[in-house]
Amino acid sequence: MSASECPAVSIVIPVYNVEQYLGECLDSLLAQTMQDWEAICIDDGSDDGSGAMLDEYAARDGRFRVVHKENGGVSQARNLAISMARAPFLCMVDSDDWIDPSMIETLYGTMCRDGVDMVVCGLWEHDEDSGAVLERPPLRHGKADEGVQPVNASMIESMSRYSWDKMLKTSIVREAGLAYAEDIPFSEDHLFIQLYLLHCRKISVLPRSLYHYRRRHSSATLRFVRGEAPAHYYECAVYALLRVLDALPQDMPGRERRMWHTALFAQNFHQIYLVKHVLKGKRHPEAARINRAVRKAFWVLFCKTPKTAVFRIMWCDAVRLLCRICGRG
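A short tour of the structure in this document, coming up. (Residues numbered from 1 in each chain as written. Predicted model: local features only at pLDDT ≥ 70, side-chain atom pairs only at ≥ 80, totals over all residues. Heavy atoms only, no water.)

### Overview of unusual backbone geometry
Okay, step 1: Backbone geometry at Asn 17 places phi at a positive 50°, although glycine is not the residue there.
Okay, step 2: The phi angle at Ser 187 is positive, at roughly 70°, despite the residue not being glycine.
Okay, step 3: Relative to the helices and strands, Ser 187 resides in the loop between helix H6 (170–175) and helix H7 (188–197).
Okay, step 4: On the basis of relative accessible area, Ser 187 is assigned to the buried category, the value being 14%. (Helix = DSSP H or I, 4+ residues; strand = E, 2+ residues; numbered from the N terminus. Buried < 20%, exposed > 50% of the residue type's maximum accessible area, 1.4 Å probe, protein only.)

The structure is reproduced here in structure tokens:
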């Protein structure tokens, strides 16, 4: 099929050494019930057969646009693809995952019908080793809202940390100058989505699970959870969202600013606790460095956040968690 000059949706796919999984990912795009899309595939210096496979698909179907480049990381690859996007809406798909046949049509239809700035859906998590399949809802912390929702503190805190279960507006990304942080190897998705939410007024939450995430035990996320990741991954986890505090507009109304401070404090505080919990009982070779980063991040967070927000949201469990953050648990 030939590519449209102005497709409805641009699908961003960074690719690096995923020859084993790439065919399933690209075939899931070809199986979409909605045909008006382009897939911008960035071969980020793969040294397996991934690049050749991309070229084969592009030769068969003009909707696949392929760029081969030297390895620069997933954020650089995504940023390049976004700069090439011709559609008004964006979706991110990881090259070792796949999507439901109705995903693009469902998200696009919801975006147009509801006139929102973002649509988020649920996902299926497939464990590569055990074969277990777990359904993940679109919102975290047990929040079960669906339909059109305002962007408030609860929604900001509950929003999933991934890029690939969402549809975004290309115009917001470009007008706000948003990009994936290329200087951090971890939490870049979470940071990007939070910065995007700064420019949203309404989002639609779909209760359906349409994305299929492959849980690979060699992934950075699982190495992080097992306490086996390099120290700078844990530093990124506790520092990344502090950048959102710095990005709050100076002229943001006071009530909205307090809302963001409240949501970011809760997220950052629990991210710090997560790092402490993951490393508890582990003999990480750089534990001292990570603990210094945790203490520094907590102090910066505490100083930058209005104390009314701190005590309003965290008073009940602040003492308990603070003891663990400071190394007593």
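Additional details are given in the paragraphs that follow.
### Considering the pattern of salt bridges
Okay, step 1: Going through the model one piece at a time under the given rule, you end up with 18 salt bridges.
Okay, step 2: When the shortest N-O distance is used, the salt bridge between Glu 38 and Arg 65 registers 2.9 Å. Here Glu 38 is found in strand E2 (residues 37–44), whereas its partner Arg 65 is found in strand E3 (residues 64–69), with 27 residues between them in sequence.
Okay, step 3: Using a relative accessible area of 21% as the deciding quantity, one classes Arg 65 as partly exposed.
Okay, step 4: Salt-bridge contacts for Asp 61 lead to Arg 63; the nearest nitrogen and oxygen are separated by 2.8 Å. In this pair, the class of Asp 61 matches that of Arg 63, namely buried. (Salt bridge = Lys/Arg side-chain N within 4 Å of Asp/Glu carboxyl O.)

### Remarks on helix H11 (residues 254–279)
Okay, step 1: Here H11 contains 26 residues, and its C-alpha end-to-end distance of 37 Å stays within 8% of the 38 Å for a straight helix at 1.5 Å per residue.
Okay, step 2: Gly 281, located one to two residues past H11, shows a positive phi value of around 80°. (Expected span 1.5 Å × (residues − 1).)

### Regarding the packing of helix H9 (residues 231–239) against helix H12 (residues 287–304)
Okay, step 1: It is at 9 Å that the axes of H9 and H12 come closest, and there the two elements cross at 10°. One finds that H9 runs roughly parallel with respect to H12. Of H12, the residues touching H9 (which contributes Ala 231, His 232, Tyr 234, Glu 235, Val 238 and Tyr 239) are Arg 289, Ile 290, Ala 293, Val 294, Lys 296 and Ala 297.
Okay, step 2: Here the residues of the contact of H9 with H12 are counted per class, giving eight nonpolar, one polar and three charged. (Axes fitted to C-alpha atoms, helices over the stretch in contact; angles between N-to-C directions. Parallel < 35°, antiparallel > 145°, perpendicular 65-115°, else oblique. Contact = heavy atoms within 4.5 Å. Nonpolar A, V, L, I, M, F, W, Y, C, P; charged D, E, K, R; others polar.)

### Digging into the side chain of Ser 163
Okay, step 1: By secondary structure assignment, the location of Ser 163 is in the loop between helix H5 (153–158) and strand E9 (166–169).
Okay, step 2: Leaving out residues up to four positions away in the same chain, Ser 163 has contacts with Arg 78, Met 92, Tyr 180, Asp 189 and Ile 193.

### Remarks on the packing of H11 against H12
Okay, step 1: Between H11 and H12, the shortest axis-to-axis distance is 11 Å and the interhelical angle comes to 165°. Between H11 and H12, the angle is such that the two are roughly antiparallel. Seen from above, H11 lies across H12 with left-handed handedness. Together, His 261, Leu 264, Phe 265, Asn 268, Phe 269, Ile 272, Val 275, Lys 276 and Leu 279 of H11 and Ile 290, Asn 291, Val 294, Ala 297, Phe 298, Leu 301 and Lys 304 of H12 make up the contact between the two elements.
Okay, step 2: Looking at the contact of H11 with H12 residue by residue, the class counts come to 11 nonpolar, three polar and two charged. (Left-handed = near helix turned anticlockwise from the far one by under 90°.)

Function cannot be inferred from these measures alone, as they are strictly geometric.
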